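# Overview (structure and organization)
Take a look at the letters that make up each chain.
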Amino acid sequence: MKPPPPFLLLLLLLLVTTASAAPNATKTLPPTPAPTSSPTPPAVASSHPSPLDPKQVRALQSLNLPTRNVCSLNQCDSSKPFSHLLSLHLSNCSDDVSLSSTALKSLSTLQNLSFLNCPIAPIRFPNDLSLSLHSFSCIRSLRHLSGVFLARFVNLTDLTIVNVPVNTSGLYVIFGNMHKLRSVTISNGSLTGYIPKHLHSNLTHIDFSGNQLKGNIPTSVTLMENLELLNLSSNKLNGEIPSSIGDLIALKNVSLSSNSFSGSIPESMASLTDLVHLDLSSNQLNGTIPKFFSEMKKLRYLNLQNNNLHGVLPFNASLIKRLAVLKVGGNSNLCYNHTVLSSKLKLGVAPCDKHGLPMSPPPAKDDSSDSEDDSSDYDDSDDNSSKKEHHHGPNKLYPLI
């Protein structure tokens, strides 16, 4: 093999020299050092909430309330440098607790305020606090309330008053400007007058039980397509149950007991397919019991006792099995088909004869208390408990089922 020509050796030597110098020629410069005053790092959320506003601490102290870990016991916001109370629950208040205007002004950030067993003297709430409240609950507290006082809570979504006298010239005085209200309970509040003809249609819960309300059920109630609970028990209401009640297809709990309603049970109630609790007891209802009750798959509590209902019970064994409570006693012209329903159910009504009329009742038992129990319910234990309970019907505070 011949050696390469001299000019090729010279060319190879030149290429090697250039390649060895290239790395130094293309070396990048070091990065510019960072400035000594670096930008502020992003804020990191602290695992510990800000301390409570000192003004609110003093307000709680004036109410003889503990201030340690108050935000862990009540809802607070995350404001800086101080947190503020959003919810406050006062219960079983001592005699030395008083609501000062200064303390209430400091608590004007509250959105939820509740009193339970606090029979302290009421006081006028500052305007800022009245406007900030979304929920107000008063149970056996504040001795008495007025409609004008409650009407100032125009941003409420939930109002609950139980066992507190409410002095008002009419319910509309309270609710006229509460356009955001969703749930209202004024139970055992000595209310008089009529149910307003104009109520906001966005209500989902209405409980006016245990008052002195009179008149009939206005159309305003039957226009509430989102209404789930209607409790008008233990008042002085009369007239017929409106057929338009069947339009309230969201209803789950209804109690119209202990009033003076007359007429028949509306057939339109067959549309209330979500109904769980129905109490129409202690009225003056007449006619026969509709057959649609047997088709209500969700129904668990049915009380029709102490009315003027007549005819044959249209219930089948599957309905009886689904129901936790059935009360039909106190309807002297009501009877049941003994070939369909067993006498062991203790329905409190006589079996039917071949003409569909009640047979003569059996001889009275020696123990009169037993016969009384049998006349009202097939569930003896539930009947005993119902006699001790003065609050009729379902309630969001004291649910029956």
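Parameters at a glance
Residues numbered from 1 in each chain as written. Predicted model: local features only at pLDDT ≥ 70, side-chain atom pairs only at ≥ 80, totals over all residues. Heavy atoms only, no water. pLDDT = per-residue confidence, 0-100. Contact = heavy atoms within 4.5 Å. Buried < 20%, exposed > 50% of the residue type's maximum accessible area, 1.4 Å probe, protein only. Helix = DSSP H or I, 4+ residues; strand = E, 2+ residues; numbered from the N terminus. Pairing = 2+ DSSP bridges. Axes fitted to C-alpha atoms, helices over the stretch in contact; angles between N-to-C directions.

Mean pLDDT over the protein stands at 79; residues scoring 70 or higher make up 76%. Residue range residues 7-48 is modelled with pLDDT below 50. Its contacts to residues more than four positions away, or to other chains, number 1 contact. Below pLDDT 50 for its whole length, residues 395-401 participates in 23 contacts with residues either more than four positions away or in separate chains.

Burial within strand β5 (residues 158-162) is extensive, with 4 of its 5 residues counted as buried. Relative to β5, strand β3 (residues 135-139) is paired through 5 bridges, and the arrangement is parallel. Bridge pairing links C138 to I161 in β5. Pairing geometry for β5 and strand β7 (residues 183-187), over 5 bridges, is parallel. Counted as the bridge partner of L159 is V184 from β7.

Position of Q56 relative to the elements: it lies in helix α2 (residues 54-62). The exposure class assigned to Q56 is buried, which follows from its relative accessible area of 1%. Apart from the residues within four sequence positions on either side, Q56 is in contact with S83, H84, L85, S106, L107 and T109.

Here strand β14 (residues 260-263) shows a clear split, with F261 and G263 buried on one side and none of S260 and S262 buried on the other. Sheet topology places strand β12 (residues 236-240) next to β14; 3 bridges connect them, and they run parallel. Note on β14: the bridge partner recorded for E240 is S262. Across 2 bridges, the pairing between β14 and strand β16 (residues 284-287) is parallel. Its bridge partner being in β16, S262 is matched across the sheet by Q284.

As a further point, take the sheet that holds strand β15 (residues 277-279). The sheet built from 11 strands is open, its strands ordered β1-β2-β3-β5-β7-β9-β11-β13-β15-β17-β19 with parallel pairing. Edge strands, defined here as strands with exactly one partner in the open sheet, are β1 (87-91) and β19 (325-327). Averaged over neighbouring strand pairs, the angle between their axes works out to 10° when direction is ignored. Alignment of strand β2 (residues 112-116) against β3, held across 5 bridges, turns out to be parallel. By the bridge assignment for β3, L116 is matched with I139.

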